[in-house]
Amino acid sequence: MTEFTHICEDQIRMVDVSAKNIVSREATASGAIYLKTETLQAIASGTAIKGNVLATARVAATLAIKDTARIIPMCHSIPIHGIDIWFEQSEESITARVRVVSEGKTGVEMEALVGVSTALLTIWDMVKSAEKDENGQYPVTRIEHIRVDEKKKGH
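Just so you know, these numbers come straight off a predicted model, no measurement behind them.

Undergrad: Looking at this structure, how should I read the overall build of the chain?
TA: Within the chain one finds four helices and six strands. Each helix (α) and strand (β) of the chain, taken in turn from the N terminus, gives the series β-β-β-α-α-α-β-β-α-β. Reported as C-alpha extents along the three principal axes, the dimensions of the chain are approximately 55 × 35 × 25 Å. Expressed as a percentage of its 155 residues, the buried residues of the chain come to 37%. Here the contacts in the chain between residues at least 6 apart in sequence split such that 75% fall between residues at least 24 apart. When the accessible surface of the chain is split by element, carbon and sulfur atoms take 52% of a total near 9300 Å². Considering the chain, the positive charge centre built from 18 side chains and the negative charge centre built from 21 side chains are found 5 Å apart.

See below:
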């Protein structure tokens, strides 16, 4: 049976990590947003109505990573030493990848996941007018495959 470390006497609590050693931490996460061909072409050519989609997504992801402890209630506030964000565009989607580096007593997986999620949501927000069909729906647009690709500790 799995023991839940965040539940204590019917109360939610942040796990005490004070006894853990400070070590280097790194996590990489990714996810993809599927868009219409025309929208992908506008992003690639820099002609999207709201401006530079990927630059805006990069800034939004950076801000979200730094605010993860405010967004996810039981996350510890940790120092962020480095963030890398890059995008890979295919014929049907854009994949966002985020790498977060820290040194601390707990990992940075949540920061990487929040960064990826925010980047993808920002892309959606920047192009939503182009993605809607005649009924205001999003028949193609979807976010998928958000995951932690790799985590490293003490390297």
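There's plenty left to go through after this.
Undergrad: Sorry, what's going on with helix α4 (residues 109–131) here?
TA: Side chains of residues three or four places apart in an α-helix project in the same direction, reflecting 3.6 residues per turn. Between its first and last C-alpha atoms α4 spans 30 Å; for 23 residues at 1.5 Å apiece the expected length is 33 Å, and the two agree. Asp 125 marks the point of greatest bend in α4, at about 40°.

Undergrad: I would appreciate a short explanation of the packing of helix α2 (residues 53–66) against α4 in the present structure.
TA: Helix-helix packing is characterised by the crossing angle of the two axes and by the distance between the axes. Packing of α2 against α4 brings their axes to within 8 Å, and their N-to-C directions diverge by 145°. Between α2 and α4 lies a crossing of right-handed hand. Contacts between α2 and α4 pair Val 53, Leu 54, Thr 56, Ala 57, Ala 60, Ala 61, Ala 64 and Ile 65 from the former with Glu 111, Val 114, Gly 115, Thr 118, Ala 119, Thr 122, Ile 123, Met 126 and Val 127 from the latter. Looking at side-chain class alone, the contact of α2 with α4 contains twelve nonpolar, four polar and one charged residues.

Undergrad: Would you mind showing me how to read the pattern of salt bridges here?
TA: Pairs can form between side chains of opposite charge once their charged atoms are near each other. Taken as a whole, this structure holds eleven salt bridges when the rule is applied. As a salt-bridge pair, Asp 125 and Lys 128 come within 2.9 Å of each other at their nearest N and O atoms. Here the residue Asp 125 and the residue Lys 128 both occupy positions in helix α4, the gap between them amounting to three residues, near one helical turn. Residue classification places Lys 128 among the partly exposed residues on the basis of a relative accessible area of 33%. Put simply, Arg 142 and Glu 144 hold a salt bridge, and the shortest N to O gap is 2.8 Å. The class of Arg 142 is partly exposed, set by a relative accessible area of 36%. Sharing partners across several salt bridges, the network here consists of Glu 26, Asp 84, Arg 99 and Lys 152.

Undergrad: Is there a simple way to think about α2 in this case?
TA: Helix length check: α2 (14 residues) gives 20 Å between terminal C-alpha atoms against 20 Å at 1.5 Å per residue, within 8%. Among all positions in α2, only Val 53, Ala 57, Ala 60, Ala 61, Ala 64 and Ile 65 are buried. Seen end-on, α2 carries its buried residues on one side only, within an arc spanning 135°. Set apart from the buried face of α2 by more than 90 degrees, the exposed residues are Leu 63 and Lys 66. Where the residues of α2 are buried, they touch α1 (37–45), α3 (68–71), β4 (80–89), β5 (93–104) and α4. Where α2 starts, the residue carrying a side-chain oxygen 3.4 Å from the main-chain nitrogen of Leu 54 turns out to be Asn 52.

Undergrad: Can you walk me through the nonpolar core in this structure?
TA: In globular proteins that are soluble, nonpolar side chains generally tend to be buried together. If you look at the biggest cluster of nonpolar residues, it comprises 27 residues, and the most contacted ones within it are Leu 35, Ile 43, Val 53, Phe 87, Ile 94 and Ile 123. Elements with a minimum of two residues in this core: β3 (23–34), α1, α2, β4, β5 and α4. No other element matches the eight residues that α4 contributes to this core. Contact partners of Leu 35, with chain neighbours within four places excluded, come to Leu 40, Ile 43, Glu 92, Ile 94, Ile 123, Val 127, Glu 131, Val 140 and Thr 141.

About the thresholds
Residues numbered from 1 in each chain as written. Predicted model: local features only at pLDDT ≥ 70, side-chain atom pairs only at ≥ 80, totals over all residues. Heavy atoms only, no water. Helix = DSSP H or I, 4+ residues; strand = E, 2+ residues; numbered from the N terminus. Buried < 20%, exposed > 50% of the residue type's maximum accessible area, 1.4 Å probe, protein only. Contact = heavy atoms within 4.5 Å. Areas by Shrake-Rupley, 256 points an atom, 1.4 Å probe, with all protein chains shown as cover. Lys, Arg positive; Asp, Glu negative; His and termini not counted. Charge placed at Lys NZ, Arg CZ, Asp CG, Glu CD. Expected span 1.5 Å × (residues − 1). Bend = angle between axes of the 7 residues up to and from the residue. Axes fitted to C-alpha atoms, helices over the stretch in contact; angles between N-to-C directions. Left-handed = near helix turned anticlockwise from the far one by under 90°. Nonpolar A, V, L, I, M, F, W, Y, C, P; charged D, E, K, R; others polar. Salt bridge = Lys/Arg side-chain N within 4 Å of Asp/Glu carboxyl O. Arc of directions from axis to C-beta. Polar contact = N/O pair within 3.5 Å; in protein donor to acceptor, adjacent residues only side chain to side chain. Core = buried A, V, L, I, M, F, W, Y, C linked by side-chain atoms within 4.5 Å.

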